[in-house]
Amino acid sequence: VEASIPEPQREAWLKNQASGFKGKDQFEKEVVRHVETTLARSMFNCDETAAYAATSLAFRDRLVIEWNRTQQRQTFADSKRVYYLSLEFLMGRALDNAMLNIGEKEVAKSGLSELGFRVEDIIQQEHDAALGNGGLGRLAACFLDSLASLNFPAWGYGLRYRYGIFKQEIIDGYQVEVPDYWLDFNPWEFPRHDVTVDIQFYGNVNKTTDDSGKVTAHWEGGETVRAVAYDVPIPGYATPSTNNLRLWSSQAASGEFDFQKFNSGDYESSVGDQQRAETISAVLYPNDNLDRGKELRLKQQYFWVAASLYDIVRRFKKSKRPWREFPDQVAIQLNDTHPTLAIVELQRILIDLEGLDWDDAWNIVQQTFSYTNHTVLPEALEKWSVGLVQHLLPRHLQIIYDINLFFLQMVERNFPKDREMLSRVSIIEESQPKMVRMAYLAIVGSHKVNGVAELHSDLIRTTIFKDFVTIFGPDKFVNVTNGITPRRWLHQANPGLSSLIASKAGDPEHYLKDLTLLNKIELSVNDPAFRKAWAEVKLANKQRLADYIKSTTGIVVSPKALFDVQVKRIHEYKRQQMNIFGVIFRYLKLKSMSPEERKKVLPRVSIFGGKAAPGYWMAKQIIHLINSVGSVVNNDPDIGDALKVIFLEDYNVSKAEIIIPASDISEHISTAGTEASGTSNMKFVLNGGLIIGTCDGANIEITREIGEENIFLFGNLAEDVDDLRHKNTYGDHKIDPSLDKVFNVIQSGTFGNAQDFQGMVSAVREHGDFYLVSDDFHSYLETQELVDKSYADQELWITKCITSVARMGFFSSDRCINEYAEEIWNVEPLQPDTNNGVGKGE
Ligand code: GPQ
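These numbers were taken from a predicted model, which means no experiment stands behind them. Within each chain, residues carry numbers counting from 1 in the order of the written sequence. Local features are withheld for residues below a pLDDT of 70 in this predicted model, meaning they are given only at 70 or higher, and side-chain atom pairs are given and counted only at 80 or more; totals for whole chains, interfaces and linings count all residues. Only hydrogens and water are set aside; all other atoms, that is, all heavy atoms of the structure, feed into the side-chain values.

Undergrad: Explanation requested: helix 35 (residues 813–825) in the structure shown.
TA: Helical geometry: 3.6 residues make up each α-helical turn, so side chains three or four residues apart lie on a common side. Elements are defined by DSSP. Helices are runs of H or I of four residues or more, strands are runs of E of two residues or more, and each kind is numbered from the N terminus. Multiplying 1.5 Å by the residue count of a helix minus one yields the expected span of that helix. Taking 1.5 Å of rise per residue, the 13 residues of helix 35 would be expected to cover 18 Å, yet its terminal C-alpha atoms sit only 16 Å apart, more than 12% below that figure. The N-terminus of helix 35 is capped by Ser 812, whose side-chain oxygen sits 3.0 Å from the backbone nitrogen of Asp 814. Count one or two residues on from helix 35 and you reach Asn 826, which has phi positive near 55 degrees. Polar contact criterion, stated in full: a pair of N or O atoms within 3.5 Å, where within protein one must be able to donate a hydrogen and the other to accept it, and residues adjacent in sequence count only if both atoms are side-chain atoms.

Written out as structure tokens, the structure is:
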């Protein structure tokens, strides 16, 4: 408040308000100005990197002005805000997105062209912001886009990793991980050196009793690390609203202690302290759907959660409301269990620092938080050893024990006959060593828990969280089916299709904000001109991918072939191994044909992409097999164009934007009941591709929306998985004959040393085939044959594609965010035209 300019001087400020460029001429002027001043270069020294930098800075100026206004407006309105806490934000590139969301891409295109550059080349200079592993992190990024586009007063909170997900190189068919240093030049972040929070670790707890007998805990000693805020503007689409993503970076807290060390000549250990502090936000853990229980990861979680809560509480306190109104002002969404310590931290702030009674504090906590679960896989459910929590966060462990005590007392009162219930639902698992079950803590501390697709939400209610439904009642557990932002995943990735759709569904500014308007294109499904244009758009997108494949792998593929795509993190449950086994089967079949027969086959390009966690041995073996099959098949003169197998290195968001629009069929083939939702399935269909998939995750709802005649479903159902697994382990386990043939060929050494792939084969043959590859293989092959037959009838195929796109409106992340807002957060949008707040408030 002291920094606020006094009333009499404000006129000078208002008169001189900053404004970004308007129109092409001003855009060019701003680009040149940034080249010549900010970058200290000239037209004799301006490469694409510099042009990217200057263009970004010109757009950034525009963004920042609306961003400031949005923040002022939200401060002035002082209405309820949403805070989305996520350890991952897989943002991808920002410039193209900013151009399109602000609605100035055409201006940039013609302006850059006059300055001697092509907008596409400039956009490609940007390094992806890859602060996430896969679906969970990308979902958070789509949510930020929707929250801003729908004008919700919302903040994202995350960590500013110095290294995002590693860059994948394929060397001799093996994955090699290379560090992703992305911060060299990042115009999209604003360091806030004045917004810092000192975060405490370790130490011990002392209790004092005052005159009235009230006991207060004091967490003392230990070490302190400083969190520094870095803010990233998030532009809404076709609205001035620009929200904030706040990422925390760790640095050494400047304390007496370090200073003395430094002065006394002990530089080394002083520098060491600094490096240790910076380690906290140094690197994203590269595991997807897996918990590894590492101390540094727990440190990351508390560091981020404590800094974020401090910030949220500080903002709340400015309005001088009583504490009981906290949940009327604040909704905090926990993206998976990674931020669950926030529940404990808020309880600690309220009882230890603010002096509230336990029960009053706990009510506030429960009303504030809600938790999204993203998996039922047991190896992904977070647990922390009691010893580790005790050591790092001694006061938090006490509070966790108290939360558990009061919770178990309540359970005992309500279910006195079920003694086993207590150990089943205890937040502390009485194992050796004892563990804190983070999902249980998240459930107990939240007012709503949601799954991310209908099947998944049903599964969590009936399996992993069954007892909690009994205890808290069914209303606490809801479904919010995931969604994707059509701005990035249609308009930005597929401008050709977007403008074709606009010719029928109206202005993009309308249908991209109400995706159900896509249904208008169904009226044109039989319009020959529309169908022809549709086919041309797909072919052009396939050509774009074919060019990319040529330039990165040297392999020539025909855009007339059927493009079959599976791009996602490599995981046994996602079953890329089944896909590659199917490819081998196809190869064998082609080999057995006469050259005349082979000429009649529909050519297919099998495209894979995805990273394996560095320590995931089986996933790496799968990557190796795909590449080995590729080098045999692609160089087999008998095969020619009939089959190509491509592994695209370093799959990430910006590559997805090229790959997804080019797909004819994409594979979403997880063992039923294992993929919570999937979100790329939605992206592929929205881009005019069809799906081959299992009855899993959001595939089921996609089928409901688009019609079962428009999707290729196969395989066993979730309800049968347990029995099949039991049979595979204890009963007689017959391998599917086609799969057996494939295994024999692998073991004959056709694709290189058979030993290299032994793990994948024996997982199915000898170790119970946990992911039911053999059980689903026959049905998979049959369905792939059906895909071939269907594709041969191009007229029917195009009808399926158009109809499917027309019916995909449900899967917009706008729908999804509106559901969270109504059912879980109880927040309302803040329209940008109500008050721009300039001169008011902060
Ligand atoms: N998901 Cl638990 C991840 O990407 N990483 C994870 O660690 C966990 C889940 C995914 C999940 O596998 C997909 O099915 C979902 O569509 C996605 O989260 C978003 O909900």
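Undergrad: Got a minute to help me understand the domain arrangement of the protein chain in this structure?
TA: How big an interface is tends to be reported as the loss of accessible area on association of its parts. Each domain of the protein chain was delimited in the assignment, giving domain 1 (78–93 + 128–479) and domain 2 (496–811). An automatic or database domain assignment supplies the residue ranges for each domain. Centre-to-centre, using C-alpha coordinates, domain 1 lies 36 Å away from domain 2. For this analysis, residues touch if any pair of their heavy atoms sits within 4.5 Å. With 41 residues of domain 1 at the contact, the number on the domain 2 side is 41 residues. The contact between domain 1 and domain 2 buries some 3000 Å² in all, and 55% of this surface belongs to carbon and sulfur atoms. For any pair of parts, buried area is found by adding up, for both, the accessible area (1.4 Å probe) each one loses once the two are put together. Among the residues domain 1 hides against domain 2, the three largest losses belong to Gln 168, Tyr 237 and Leu 455. Together they make up 19% of the total. Here, a salt bridge means any side-chain nitrogen of Lys or Arg that lies within 4 Å of a carboxyl oxygen of Asp or Glu. The interface formed by domain 1 and domain 2 includes two salt bridges.

Undergrad: Is there a simple way to think about the site of the ligand in this case?
TA: We define proximity as follows: a residue is near a molecule or strand when any one of its heavy atoms falls within 4 Å of that partner. In the neighbourhood of the ligand, 17 residues make up the surrounding shell, with Asn 289, His 374, Asn 482, Glu 675 and Gly 678 lying closest. The separation between an oxygen atom of the ligand and a polar main-chain atom of Asn 289 is 2.8 Å. A distance of 3.0 Å is found between an oxygen atom of the ligand and a backbone nitrogen or oxygen belonging to Ser 677. In this description, accessible areas are obtained by the Shrake-Rupley approach with a 1.4 Å probe, and a residue is regarded as covered only by the protein chains that are shown. Contact with the protein chains removes 95% of the 450 Å² of surface that the ligand exposes when unbound. Each residue is assigned to one class: nonpolar for Ala, Val, Leu, Ile, Met, Phe, Trp, Tyr, Cys and Pro, charged for Asp, Glu, Lys and Arg, and polar for all the others, Gly among them. Its residues assigned to classes, the shell around the ligand comprises five nonpolar, nine polar and three charged.

Undergrad: Whenever I open this one, the sheet that holds strand 23 (residues 690–694) confuses me. Can you help?
TA: As a general point, the strands of a sheet are linked pairwise by backbone hydrogen bonds and lie either parallel or antiparallel. Criterion used throughout: strands pair if DSSP finds at least two bridges between them. Taken in spatial order, the six strands of this open sheet run 21-20-19-22-23-24, and their pairing is parallel. Bordering the open sheet on either side are strand 21 (643–648) and strand 24 (712–714), each of which pairs with just one other strand. Taken over all neighbouring pairs, the strand axes of this sheet differ in orientation by 20 degrees on average, direction set aside. Where helix 23 (residues 528–553) meets the sheet, it contacts strand 19 (562–567), strand 20 (604–609) and strand 21, and its direction lies at approximately 70 degrees from that of strand 21. Relative to strand 24, helix 33 (residues 773–792) is tilted by about 165 degrees, and along the sheet it contacts strand 19, strand 20, strand 22 (665–668), strand 23 and strand 24. Axes, fitted as lines to C-alpha atoms, cover a helix only where it is in contact. Angles between the N-to-C directions of the axes lie from 0 to 180 degrees.

Undergrad: I tried to follow the confidence of the model for the protein chain on my own but got confused; where do I start?
TA: Detail in the predicted coordinates should be disregarded across regions flagged by low pLDDT. As a per-residue measure, pLDDT tells how confident the predictor is, with possible values from 0 to 100. Counting all residues, the mean pLDDT for the protein chain is 96, and 98% of those residues have values of 70 or more. For the stretch residues 835–842, pLDDT sits under 50, and the model shows 16 contacts to residues farther than four places along the chain or on other chains. Both confidence scores are given for the complex: pTM 0.98, ipTM 0.99.

Undergrad: Even after reading the chapter, I still don't get the sheet that holds strand 11 (residues 242–252), so can you show me in this structure?
TA: Across the sheet, nine strands lie side by side as 7-10-11-4-1-12-13-17-18; this open sheet has mixed pairing. The sheet is open, and its two borders are formed by strand 7 (190–201) and strand 18 (477–479), each paired with just one other strand. Here the average twist between neighbouring strands, direction ignored, is 25 degrees. Bridge analysis of strand 12 (residues 330–335) against strand 13 (residues 369–372) gives four bridges, and the strand direction is parallel. Each bridged residue has a counterpart across the sheet, and for Asn 335 the counterpart in strand 13 is Thr 372.

Undergrad: Just to check I follow, could you spell out unusual backbone geometry for this structure?
TA: Note on backbone geometry: most residues besides glycine have negative phi, and most peptide bonds are trans. In this model, Gln 432 is joined to Pro 433 through a cis peptide bond whose omega is 0 degrees. Within the secondary structure, Pro 433 sits in the loop between strand 15 (428–429) and strand 16 (435–437). Phi is positive for Ala 238, close to 50 degrees, though the residue is something other than glycine. Relative to the assigned elements, Ala 238 resides in the loop between strand 10 (223–235) and strand 11. Located in the positive-phi region is Asp 336, a residue other than glycine, with phi close to 70 degrees. Inspection of the secondary structure assignment puts Asp 336 in the loop between strand 12 and helix 12 (341–353). Each residue's exposure class comes from its accessible area (1.4 Å probe, protein chains only) as a fraction of the maximum for that residue type: buried when under 20%, exposed when over 50%, partly exposed otherwise. The exposure class assigned to Asp 336 is buried, which follows from its relative accessible area of 9%.

Undergrad: I tried to follow the packing of helix 12 against helix 13 (residues 358–368) on my own but got confused; where do I start?
TA: Close contact between helix 12 and helix 13 brings their axes to 9 Å; oriented N to C, the two are set at 145 degrees. Both helix 12 and helix 13 take part in a crossing whose hand is right-handed. Across from Ile 343, Leu 346, Gln 347, Leu 350 and Ile 351 in helix 12, the residues of helix 13 making contact are Trp 358, Ala 361, Trp 362, Ile 364, Val 365 and Thr 368. Less than a right angle of anticlockwise turn of the near helix away from the far helix marks a crossing as left-handed, whereas a clockwise turn marks it as right-handed.

Undergrad: Explain empty space enclosed by the protein to me, please; I cannot follow it from the model alone.
TA: Unoccupied space between atoms shows up once a probe the size of one water molecule is rolled over them. Computed over the protein atoms alone on a 1 Å grid, cavities are sets of points where a 1.4 Å probe fits but cannot get out and pockets are open sets with protein on both sides within 12 Å along at least five of seven lines; a residue lines them when it has an atom within 4 Å of a point. Grid points are joined across faces, edges and corners, and a volume is the space filled by probe spheres set on the points. Using the criterion set out here, one finds five cavities of 30 Å³ or more in the structure. Counted as a void, the second largest cavity has a volume near 70 Å³. Lining the second largest cavity, in full, are Asp 78, Ser 79, Arg 81, Tyr 83, Ile 312, Arg 315, Phe 316, Ser 319, Gln 329 and Val 330. Those elements that provide at least two residues to the lining of the second largest cavity are strand 1 (81–85) and helix 10 (295–318). Looking at the lining of the second largest cavity element by element, the count peaks at three residues for helix 10. Looking at the lining of the second largest cavity residue by residue, the class counts come to four nonpolar, three polar and three charged.

Undergrad: Looking at this model, I keep getting lost on helix 5 (residues 105–115). Mind explaining?
TA: Of the residues making up helix 5, those classed as buried are Val 107, Ala 108, Gly 111 and Leu 112. The buried side chains of helix 5 occupy one side of the element, clustering within an arc of 120 degrees when seen end-on. Seen from the open side of helix 5, the exposed residues pointing more than 90 degrees away from its buried face are Glu 106 and Glu 114. Those residues of helix 5 hidden inside the fold are in contact with helix 2 (23–38), helix 3 (48–77), helix 4 (95–102) and helix 6 (119–123). Summarising the geometry, the arc corresponds to the directions from the helix axis toward the C-beta atoms.

Undergrad: What should I look at first to understand the pattern of salt bridges in this one?
TA: A side chain of one charge can pair with a side chain of the opposite charge if their charged atoms are brought near each other. The tally for this structure, following the rule as stated, stands at 60 salt bridges. Arg 160 serves as the salt-bridge partner of Glu 189, at 2.8 Å between the closest nitrogen and oxygen. One end of the pair, Glu 189, is in the loop between strand 6 (174–178) and strand 7; the other, Arg 160, is in the loop between strand 4 (154–159) and strand 5 (167–171), and 29 residues separate them in sequence. Across the pair, exposure class does not vary: Glu 189 and Arg 160 are buried alike. Its salt-bridge partner being Glu 325, residue Arg 324 comes within 3.8 Å of it at the nearest N-O pair.

Undergrad: Explanation requested: the nonpolar core in the structure shown.
TA: Where a protein is soluble and globular, its nonpolar side chains tend to be buried together. Remark: nonpolar core denotes a set of buried residues (Ala, Val, Leu, Ile, Met, Phe, Trp, Tyr, Cys) joined through side-chain atoms within 4.5 Å. Formed by 235 residues in total, the largest nonpolar core has its most connected members in Phe 201, Trp 248, Trp 534, Phe 581, Leu 625, Ile 746 and Trp 825. Taken domain by domain, this core gets at least three of its residues from each of domain 1 (78–93 + 128–479) and domain 2 (496–811). Not counting chain neighbours up to four residues away, the residues in contact with Phe 201 comprise Trp 219, Gly 221, Gly 222, Glu 223, Val 225, Ile 280, Lys 299, Tyr 302, Phe 303, Leu 392 and Leu 393. Counting residues in each nonpolar core, the second largest holds 21 residues, with Phe 21, Tyr 52, Leu 112 and Phe 117 among its members.

Undergrad: Could you clarify how one ought to interpret the packing of aromatic side chains in this entry?
TA: Any pair of aromatic rings gets described here by the distance separating the centres and the angle formed by the planes. Aromatic pairing here means that ring centres of Phe, Tyr or Trp (its six-membered ring) are within 6.5 Å. Orientation follows from the plane angle: under 30 degrees is stacked, over 60 is edge-to-face, and everything else is tilted. What the rule picks out here adds up to 33 aromatic pairs. Between Phe 316 and Phe 326 the ring centres are 4.9 Å apart and the planes differ by 80 degrees, which places this aromatic pair in the edge-to-face class. Here the residue Phe 316 occupies a position in helix 10, and Phe 326 occupies one in helix 11 (residues 326–329), the gap between them amounting to ten residues. Taking relative accessible area as the criterion, Phe 316 reaches 4% and is therefore assigned buried. Clustering of aromatic rings is evident, with ring pairs tying together Tyr 83, Trp 155, Tyr 157 and Trp 248. We call a charge positioned over a ring when the NZ of a Lys or the CZ of an Arg lies within 6 Å of the ring centre and within 35 degrees of the ring normal. Directly above the aromatic system of Phe 201 lies the positively charged group of Lys 299, at a separation of 5.4 Å from the ring centroid. Across from the ring centre of Trp 489, 4.3 Å away, lies the NZ or CZ of Lys 683, which sits over that ring.

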